[in-house]
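Given next are the chains, with one letter for each unit.
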Amino acid sequence: MPTRPLDVLNRSLKSPVIVRLKGGREFRGRLDGYDIHMNLVLVDAEEIQNGEVVRKIGSVLVRGDTVVFISPAPGGD
Amino acid sequence: MPTRPLDVLNRSLKSPVIVRLKGGREFRGRLDGYDIHMNLVLVDAEEIQNGEVVRKIGSVLVRGDTVVFISPAPGGD
Amino acid sequence: MPTRPLDVLNRSLKSPVIVRLKGGREFRGRLDGYDIHMNLVLVDAEEIQNGEVVRKIGSVLVRGDTVVFISPAPGGD
Amino acid sequence: MPTRPLDVLNRSLKSPVIVRLKGGREFRGRLDGYDIHMNLVLVDAEEIQNGEVVRKIGSVLVRGDTVVFISPAPGGD
Amino acid sequence: MPTRPLDVLNRSLKSPVIVRLKGGREFRGRLDGYDIHMNLVLVDAEEIQNGEVVRKIGSVLVRGDTVVFISPAPGGD
Amino acid sequence: MPTRPLDVLNRSLKSPVIVRLKGGREFRGRLDGYDIHMNLVLVDAEEIQNGEVVRKIGSVLVRGDTVVFISPAPGGD
Amino acid sequence: MPTRPLDVLNRSLKSPVIVRLKGGREFRGRLDGYDIHMNLVLVDAEEIQNGEVVRKIGSVLVRGDTVVFISPAPGGD
């Protein structure tokens, strides 16, 4: 059975994800919520640029329309 | 229970937040209001570029479609 | 009580505001009207680039989708 | 009483206006029509780049979503 | 009486038009059809870049959302 | 009688077309399907950059919102 | 009979596809799901830049509005 796109988000709740944004920035953190616009809530998040952590953020709301992709991050990298 | 994205805004009312805009600008200020488009009202705000305060603004209405992310700023940084 | 974003516009009617546009331009002028798309009418307006007035405009209709932020300008700066 | 944004267009019918487009181009001409998307009809128009007239156009339909601002041009400049 | 923007298209049917696209390209050709999205059908068309014809195209469907302006081309230029 | 834009697509079914994308890429191939968003299905397609074939693709689904224009390609060029 | 664009996705379920994104990135992987916005779920995916694999990703949700094209990848390349 195929996977519906939002199922990926649902299965990732409370788990670490990688979020790539338009413009190249990336967040890693635990997915704490989402809505159908793919607005995302991440907690214990890190903002990453060129592979380096540039900021640690306790919790962050990312606007869905800036998201390129979201990927479950099972182990770490 | 997962966090709905707009809950993050609701819980941040009257508290300091960091708002990143498309193009790299950033605002810090107290969140004084929002709507479902993520239009935001900030008071006692500072506009930041490359880590430096470039303007202090008593109150500002930021259009939601220019927002990349919003993060509660519990302590300061 | 939180401030609804359009309230900021309503309270600024007939008062000076600063309007930042995508691409970096800025207008200053008295807010003479707006609609829910944040289309704005400014009168006695100045267009500003890199901090300098590049044009004086009696009245101007600014399309909402080019607006980044709007800020009441109580005293001047 | 505040001015509704489309009122500015209505009052400018048959009068000269300046229209700034995204990307920096500008048209000057008489406003001969508009719709709620801010699609504009200009007649006796000039296209201007860097302050110089680059083309004279009898009549032109400008798509609203490329417009940054529209300003009545009472005298000339 | 003001001219409705789509009237300009209707009056230009079967006549030569100039179509400027976002990014600077331009088409000239006879307007053979359009819809309310400003999707355009041109026949006997030429694609122009920097003032030079870079391609002749028997017929072409141009997406409305790439259009900047459309102008009747009564004589030629 | 004017040509409706989607008629151009309908008449081009099973025939070779040229599809220009935003950003300058181009596809050539037989049009095998489309929908009202101008999402296109091409078969026996070639991706072209700067006039050279950079990839041959058996079949491809092109998102309508990346399309600039579509042109029937009667003979070849 | 013409092929409806979403049919291409349906026929590609569980099969390898190439997905080109705006900005030039590319994913290869097995298509595990999609929706009408062309949001895509890929598994056993590789992110490719300039022809080189830059990251392996177990599963990824790609936002439809960043997609340029999707192509079944029957053999490999």
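Note that the structure is a prediction, hence the values are computed from the model and not measured.

Rules used in this analysis
- Residues numbered from 1 in each chain as written.
- Chains lettered and ligands numbered in written order.
- Predicted model: local features only at pLDDT ≥ 70, side-chain atom pairs only at ≥ 80, totals over all residues.
- Heavy atoms only, no water.
- Contact = heavy atoms within 4.5 Å.
- Salt bridge = Lys/Arg side-chain N within 4 Å of Asp/Glu carboxyl O.
- Polar contact = N/O pair within 3.5 Å; in protein donor to acceptor, adjacent residues only side chain to side chain.
- Helix = DSSP H or I, 4+ residues; strand = E, 2+ residues; numbered from the N terminus.
- Pairing = 2+ DSSP bridges.
- Least-squares fit on C-alpha atoms with pLDDT ≥ 70 in both.
- Buried < 20%, exposed > 50% of the residue type's maximum accessible area, 1.4 Å probe, protein only.
- Arc of directions from axis to C-beta.
- Buried area = accessible area lost by both parts, 1.4 Å probe.
- Nonpolar A, V, L, I, M, F, W, Y, C, P; charged D, E, K, R; others polar.
- pLDDT = per-residue confidence, 0-100.
- Phe/Tyr/Trp six-rings, centres within 6.5 Å; stacked < 30°, edge-to-face > 60°.

> Got a sec to walk through the interface of chain F and chain E? Specific residues and values, please.
Taken together, the contact pairs 22 residues of chain F with 22 residues of chain E. For the pair chain F and chain E, the number of links is three salt bridges. One salt bridge connects Asp65 of chain E with Lys22 of chain F, and the closest N-O pair in it is separated by 3.6 Å. At the boundary of chain F with chain E, the tally comes to eight residue pairs in polar contact (both at pLDDT 80 or more). Mapped onto the side of chain F that touches chain E, the elements with two or more residues apiece are α1 (5-12), β1 (16-21), β2 (26-34) and β5 (67-72) of chain F. No other element matches the six residues that β5 of chain F contributes to the side of chain F that touches chain E. Pairing geometry for strand β4 (residues 52-62) of chain E and β5 of chain F, over two bridges, is antiparallel. Across the sheet, the residue bridging to Leu61 of chain E is Ile70 of chain F, located in β5 of chain F.

> Go over the relation of the copies chain G and chain A, please, and point to the residues and values.
The two copies are related by a screw operation: chain G maps onto chain A through 51 degrees of rotation and 0.0 Å of translation along the axis, at an RMSD of 0.0 Å. Take the interface residues of chain G: only 5% of them recur as interface residues in chain A, which is what a contact between different surfaces looks like.

> Tell me about helix α1 (residues 5-12) of chain B, and name the residues and values.
All names here are of chain B. Every buried residue belonging to α1 is among Pro5, Val8, Leu9 and Ser12, and all of these are buried. Down the axis, α1 shows its buried residues gathered within 95 degrees of arc, on one side only. Two residues or fewer after α1 comes Lys14, characterised by a positive phi angle close to 75 degrees.

> Tell me about the arrangement of the chains, and name the residues and values.
Over all C-alpha pairs, chain D and chain F never come within contact, reaching a minimum spacing of 15 Å. No part of chain E reaches chain G; the closest C-alpha pair between them is 15 Å apart.

> Describe the relation of the copies chain F and chain E, listing the residues and the values that go with them.
The operation relating chain F to chain E is a screw motion whose rotation component is 51 degrees, with 0.0 Å of axial translation and a residual RMSD of 0.0 Å. Mapped onto chain E, only 5% of the interface residues of chain F again fall at the interface, so the copies present different surfaces.

> Tell me about unusual backbone geometry, and name the residues and values.
In this model, Asn50 of chain C sits at a positive phi of 50 degrees, which is unusual for a non-glycine residue. Note that Asn50 of chain C resides in the loop between β3 (40-49) and β4 (52-62). A positive phi is found at Lys14 of chain G, a non-glycine position, where the angle reads about 75 degrees. Mapped onto the elements of the fold, Lys14 of chain G is located in the loop between α1 (5-12) and β1 (16-21). On the basis of relative accessibility, which here comes to 38%, the residue Lys14 of chain G falls in the partly exposed class.

> Tell me about the interface of chain G and chain A, residues and numbers included.
On the side of chain A, 22 residues touch chain G, which itself brings 22 residues to the contact. When chain G packs against chain A, the two sides together hide about 1,600 Å² of surface, and 56% of this comes from carbon and sulfur. Ranking the residues of chain G by area buried against chain A places Arg55, Leu61 and Arg63 of chain G at the top, with a combined share of 42%. At the boundary of chain G and chain A, one finds eight residue pairs in polar contact (both at pLDDT 80 or more). Every element with two or more residues in the side of chain G that touches chain A is listed here: β2 (26-34), β3 (40-49) and β4 (52-62) of chain G. The element contributing the most residues to the side of chain G that touches chain A is β4 of chain G, with six residues. Split into classes, the residues belonging to the side of chain G that touches chain A amount to ten nonpolar, four polar and eight charged.

> Could you give an account of the side chain of Thr3 of chain B, with specific residues and numbers?
With respect to the helices and strands, Thr3 of chain B occurs in the segment before α1. Judged by relative accessible area, which is 8%, Thr3 of chain B ranks as buried. A polar contact is formed between the side chain of Thr3 of chain B and the side chain of Asp32 of chain A, at a distance of 2.5 Å. Ignoring sequence-local partners within four residues, the contact set of Thr3 of chain B consists of Asp32, Gly33, Tyr34 and Val41 of chain A together with Val8 and Arg11 of chain B.

> How would you explain the environment of Asp32 of chain B if you had to name every residue and give the values?
Position of Asp32 of chain B among the secondary structure elements: in strand β2 (residues 26-34). Considering only alpha carbons, one finds Asp32 of chain B and Ala73 of chain B, 41 residues apart in sequence, at a separation of 14 Å. Asp32 of chain B has contacts with Leu13, Lys14, Val41, Leu42 and Val43 of chain B together with Pro2 and Thr3 of chain C, leaving out every residue within four places of it along the chain. Only 2.6 Å separates the side chain of Asp32 of chain B from the side chain of Lys14 of chain B, close enough to count as a polar contact.

> Tell me about the side chain of Arg20 of chain A, and please be specific about residues and values.
Mapping Arg20 of chain A onto the fold places it in strand β1 (residues 16-21). Of note is the side chain of Arg20 of chain A, whose polar atom sits 3.1 Å from the side chain of Glu26 of chain A. For Arg20 of chain A, the contacting residues outside a window of four places in its chain are Arg25, Glu26, Thr66, Val67, Val68 and Phe69 of chain A together with Arg25, Glu47 and Arg55 of chain G.

> Lay out the confidence of the model for chain A with the relevant residues and their values.
Taken as a whole, chain A shows an average pLDDT of 92; of its residues, 95% reach a score of 70 or greater. Among the prediction metrics, the complex's ipTM stands at 0.91, with pTM recorded as 0.92.

> An account of the packing of aromatic side chains is needed here, citing residue identities and associated values.
A full pass over the atoms with the stated rule returns seven aromatic pairs over all chains. For the ring pair Phe27 of chain D and Phe69 of chain E, a centre distance of 5.1 Å and an interplane angle of 85 degrees mean the geometry is edge-to-face. Taken as a pair, Phe27 of chain D in strand β2 (residues 26-34) and Phe69 of chain E in strand β5 (residues 67-72) lie in two separate chains rather than in one. When sorted by exposure, Phe27 of chain D lands in the same class as Phe69 of chain E, which is buried.

> So what's going on with the pairing of strand β1 (residues 16-21) of chain B? Residues and values would help.
All names here are of chain B. Taken across its six residues, β1 has five buried, putting it largely inside the fold. Two elements, β1 and β2, share five bridges in a ladder whose sense is antiparallel. Following the sheet pairing, Ile18 is matched in β2 by Arg28. Of the strand pairs in this sheet, β1 and strand β5 (residues 67-72) are connected by five bridges, and their pairing is antiparallel. Counterpart to Val17 in the pairing with β5 is Pro72.

> Can you explain the environment of Glu26 of chain F? Please cite residues and give values.
Within the secondary structure, Glu26 of chain F is located in strand β2. Placed 35 residues apart in sequence, Glu26 of chain F and Leu61 of chain F show a C-alpha to C-alpha distance of 13 Å. Those residues in contact with Glu26 of chain F, other than ones at most four positions away along the chain, are Arg55 of chain E together with Ile18, Val19, Arg20, Glu46, Glu47 and Ile48 of chain F. A polar contact of 3.0 Å, which involves the side chain of Glu26 of chain F, links it to the side chain of Arg55 of chain E.

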